[in-house]
Amino acid sequence: MGGDITQSPEWAALDKHHGELAGKHLRELFAEDPGRAERMTLTAGDLYLDYAKHRATDETIDLLVQLAERAGLRDRIGAMFRGEHINVSEDRAVLHAALRMNRDAKLEVDGQDVIADVHAVLDKMSAFADRVRSRDWTGATGKPITTVVNIGIGGSDLGPAMAYEALRDYADAGITARFVSNIDPADITGNLAGLDPASTLVVVSSKTFTTLETLTNAKVARQWLVGALGEDAVSQHFVAVSTNAEKVADFGIDTANMFGFWDWVGGRYSYDGAIGLSLMIAIGPERFREMLAGFHTMDQHFRTAPFKANMPVLLGLLGVWYNDFFDAATRAVLPYSQRLHRFPAYLQQLTMESNGKSVRADGTPVTTDTGEIFWGEPGTNGQHAFYQLLHQGTRLVPADFIGFAEPYEDREGMHDLLTANLFAQTSALAFGKTAAEIAGEGTAAEIVPHKVMPGNRPSSTILATKLTPSTLGQLVALYEHMTFVEGTIWGIDSFDQWGVELGKKMALDLAPALTSEEPPGDFPDSSTERLVRRYRELRGR
Ligand code: F6P
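So, how was this worked out
Residues numbered from 1 in each chain as written. Predicted model: local features only at pLDDT ≥ 70, side-chain atom pairs only at ≥ 80, totals over all residues. Heavy atoms only, no water. Helix = DSSP H or I, 4+ residues; strand = E, 2+ residues; numbered from the N terminus. Rg over C-alpha atoms; globule rule 2.2 N^0.38 Å. Buried < 20%, exposed > 50% of the residue type's maximum accessible area, 1.4 Å probe, protein only. Contact = heavy atoms within 4.5 Å. Areas by Shrake-Rupley, 256 points an atom, 1.4 Å probe, with all protein chains shown as cover. Lys, Arg positive; Asp, Glu negative; His and termini not counted. Charge placed at Lys NZ, Arg CZ, Asp CG, Glu CD. Core = buried A, V, L, I, M, F, W, Y, C linked by side-chain atoms within 4.5 Å. Near = heavy atom within 4 Å. Polar contact = N/O pair within 3.5 Å; in protein donor to acceptor, adjacent residues only side chain to side chain. 1 Å grid on protein atoms, 1.4 Å probe; cavity = no way out; pocket = protein on both sides within 12 Å on 5 of 7 lines; lining within 4 Å. Sits in = over half its atoms within 2 Å of the grid points. Nonpolar A, V, L, I, M, F, W, Y, C, P; charged D, E, K, R; others polar. Phe/Tyr/Trp six-rings, centres within 6.5 Å; stacked < 30°, edge-to-face > 60°. Lys NZ or Arg CZ within 6 Å of the ring centre and 35° of its normal. Points joined across faces, edges and corners; volume = space filled by probe spheres on them. UniProt positions renumbered as here; feature names shortened; annotations may be inferred. Pairing = 2+ DSSP bridges. Axes fitted to C-alpha atoms, helices over the stretch in contact; angles between N-to-C directions.

## Focus on the overall build of the protein
And step 1. The secondary structure content of the protein amounts to 22 helices and 13 strands.
And step 2. Taken against the 2.2 N^0.38 rule, which gives 24 Å for 541 residues, the C-alpha radius of gyration of the protein at 25 Å falls within 12% of a compact globule.
And step 3. Counting only C-alpha atoms and orienting by the principal axes, one finds that the protein spans roughly 75 × 65 × 55 Å.
And step 4. Counting over 541 residues, the protein shows a buried share of 54%.
And step 5. Once local pairs closer than 6 in sequence are excluded, the contacts in the protein between residues at least 24 apart make up 74%.
And step 6. Approximately 22800 Å² of the protein is accessible, and the part contributed by carbon and sulfur atoms is 51%.
And step 7. Taking the average location of the 50 positive side-chain charges in the protein and that of its 72 negative ones, the two points are 3 Å from each other.

Structure representation (structure tokens):
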């Protein structure tokens, strides 16, 4: 790593190649190369990727792979899995992959047996989850736990919340989970509404155990519980997931009921460890371990497959291709699965907190765009909302379509219709409809331009048999590693998140100006001052 990748001969070769390819339509690429649909596919674990509908040829892939080699991707993958401190700005190892390594694996980092630590926590989580599920662990009044409320934010919320929604069918012990994250009181109020404190378990999830939102929500939940059951009930109803035992104890949670992790697990990479406790209680340790096995399958693929046949590498390189050579700022993620409705939100943190950086790992400014903007909604809802822009707008929005062959339920052939929509959309995006075709259907001449579908809009299709714990793990690991591939090409540290710190501090500094009886004092700027004054007026202060 190091240096400016955009000055490399590999970058220049891609730039030239882009000049040659940019004017070509996917219709031409398919016509010139009848074998591409068969060739441009890839299987990793249970995931099948079709990347034929990309504005890329074999030469593009070759050149992108050469770029990956120039960026030292192979060494970087090795360094990550060996536990080197590749998170340079925080001087930390990056070892989320260790969270799903087998018990007999060997990995020592900074003199510590990481695998033993990981499995000790997994075993502790499993034992606890089993107790709750079997009703051996009850609330203070002896009632079984029927609801787990996870309080956390960012990586301490999005992962378990997304996965719980995805795997709800596996929640088989009569225990449901709820997720509270926002400092907006509506969140905790809505989520505690209707719950019986006597059968509620609160999991306070925070890596640092200093996060304002989480600690405030946890305090509210504690008051709610103590109000109903008294102070002594807290130990039966509150557990913690954190790296910070001291702060957990300060909050009043018994550290015997704390599930730990380590600074080498980034928040957004943590739900397959202890941050997944609420999920594990709902779906059970066995299913959770199936999910971990899925993650591990993708880890092994990423670690060993040649770049050209490596799914996270290909997806990452294609991301760079569109982001930096086609100037596509965003990527849509379109799961054709209602169960994955939180997946785009989860991916937003994973990818954008990781790669939204303007300086390289060595502190020098980047010289190309980084950090694709991820967004999306499940199909088919998105089709009736924003797909118009995808099809006929002026912007290029590459898209990842995700689908499954087997439904959990099928009514009136709905699942086949869902999948037909997925396939139809990728085809319409890629090939569109010409003016001649539209005119040939008898459309009035003045209407023809409105109906032209330009096509040439690229997409990946990821298909799996069924959304199981294992396939979910594979899917998440795919995007984790894809994010790392992009970050490696851009030469950035994908594992810190300094950009969120300033806003947090300023909110704390500003809070007294909103609430104090004294007229407010210092403000960061005049616009903010006016807003605060207006807010105070509106609140009668
Ligand atoms: O938003 C910044 C962030 O630090 C995320 O990276 C993290 O996932 C989230 O806050 C929550 O942090 P914690 O788990 O320490 O409460």
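From this point, the narrative continues.
## A word on unusual backbone geometry
And step 1. Following glycine 379, the chain continues to threonine 380 via a peptide bond in cis, the omega torsion being 5°.
And step 2. Note on placement: threonine 380 falls in the loop between β11 (373-375) and α16 (387-392).
And step 3. At aspartate 110, a residue that is not glycine, the phi angle is positive and equals roughly 50°.
And step 4. Here aspartate 110 is to be found in the loop between β3 (108-109) and β4 (112-113).
And step 5. Positive phi outside glycine occurs at asparagine 456, with the angle close to 65°.
And step 6. Position of asparagine 456 relative to the elements: it lies in the loop between α19 (448-451) and β13 (459-464).

## A few points about the nonpolar core
And step 1. In this structure, Leu201, Trp264, Tyr271, Trp321, Phe343, Leu472 and Tyr479 are the most contacted members of the largest nonpolar core, which totals 127 residues.
And step 2. For this core, the element with the most residues is helix α20 (residues 469-490), which contributes 11 residues.
And step 3. Residues contacting phenylalanine 343, with those up to four places away along its chain left out, are Met162, Val333, Ile402, Leu475, Val476 and Tyr479.
And step 4. Residues Val180, Ile188, Leu192 and Ala221 belong to the second largest nonpolar core, which totals 20 residues.

## A few points about the site of the ligand
And step 1. Of all residues adjacent to the ligand, which total 14 residues, the nearest are Ser156, Ser206, Thr208, Thr211 and Glu353.
And step 2. Within the contact set of the ligand, an oxygen atom lies 2.6 Å away from a side-chain nitrogen or oxygen of serine 206.
And step 3. In the model, an oxygen atom of the ligand is placed 2.7 Å from a nitrogen or oxygen of the lysine 207 main chain.
And step 4. In isolation the ligand offers 390 Å² of accessible surface; the protein chains occlude 88% of this area.
And step 5. Structurally, the ligand is housed in the largest pocket.
And step 6. Per-class residue counts for the shell around the ligand are 2 nonpolar, 9 polar and 3 charged.

## Here's the deal with the packing of aromatic side chains
And step 1. Counted by the stated rule, this structure contains 22 aromatic pairs.
And step 2. For the ring pair tryptophan 375 and phenylalanine 386, a centre distance of 4.7 Å and an interplane angle of 65° mean the geometry is edge-to-face. With a gap of 11 residues between them, tryptophan 375 in strand β11 and phenylalanine 386 in the loop between β11 and α16 connect regions that are remote in the sequence.
And step 3. Geometry around phenylalanine 259 places lysine 124 over its ring, the cationic atom sitting 5.2 Å from the centre.
And step 4. Over the face of the ring belonging to phenylalanine 251 we find arginine 222, whose NZ or CZ atom lies 5.8 Å from the ring centre.

## Examining the layout of surface pockets
And step 1. The computed volume of the largest pocket comes to approximately 1100 Å³.
And step 2. Contributing to the lining of the largest pocket are 41 residues, with Thr208, Thr211, Val500, Glu501 and Lys504 lying nearest its centre.
And step 3. Considering every element that reaches the lining of the largest pocket, the biggest residue donor is helix α21 (residues 501-515), with 7 residues.
And step 4. Residues belonging to the lining of the largest pocket are distributed by class as follows: 15 nonpolar, 17 polar and 9 charged.
And step 5. Considering the residues around the second largest pocket, the lining is formed by 18 residues, among which Gln338, Arg339, Glu409, His415 and Leu418 are closest to the centre.
And step 6. Here the lining of the second largest pocket gets 3 residues from one element, more than from any other, and that element is helix α17 (residues 414-431).

## Considering the UniProt feature "active site" (unreviewed entry) in the protein
And step 1. In the numbering used here, UniProt assigns the "active site" (unreviewed entry) feature to Glu353, His384 and Lys504. Spatial dispersion of the annotated residues is evident: they stretch over 152 residues in sequence, and the largest pairwise C-alpha distance comes to 36.3 Å. Cross-referencing the annotated residues with the lining of the largest pocket gives Glu353 and Lys504.
And step 2. Of note, glutamate 353 is situated in helix α15 (residues 343-355).
And step 3. Excluding residues that lie within four positions of it along the chain, glutamate 353 makes contacts with Arg268, Gln348, Asp496, Gln497 and Val500.
And step 4. Residue position: histidine 384 is located in the loop between β11 and α16.

## Some points on the sheet that holds strand β1 (residues 41-44)
And step 1. Here we have 6 strands laid out as an open sheet, ordered β1-β2-β13-β12-β10-β11, and mixed in their pairing. In this open sheet, the two strands that pair with only one neighbour each are β1 and β11. Ignoring which end each strand starts from, the neighbouring axes of this sheet average 20° apart.
And step 2. Pairing of strand β10 (residues 330-335) with strand β12 (residues 399-404) involves 4 bridges; the strand directions are parallel. Bridge pairing in β12 links alanine 332 to alanine 399.

## Regarding the pairing of β1
And step 1. The pairing of β1 with strand β2 (residues 47-50) spans 4 bridges and is classified as antiparallel. Paired with threonine 43 across the bridge in β2 is tyrosine 48.
And step 2. Between the antiparallel neighbours β1 and β2 lie 2 residues, among them glycine 45 with a positive phi of about 60°.

## Section: the sheet that holds strand β5 (residues 147-151)
And step 1. Taken in spatial order, the 5 strands line up as β6-β5-β7-β8-β9 in an open sheet, and their pairing is parallel. Single-partner strands in this sheet number two, and they are β6 (176-180) and β9 (258-260). In this sheet, adjacent strand axes meet at a mean angle of 20° when their direction is disregarded.
And step 2. Those strands touched by helix α6 (residues 114-133) are β7 (200-205), β8 (238-242) and β9, and its axis lies near 145° from that of β9.
And step 3. Docked against the sheet, helix α7 (residues 158-166) engages β5 and β6, running at close to 145° with respect to β6.

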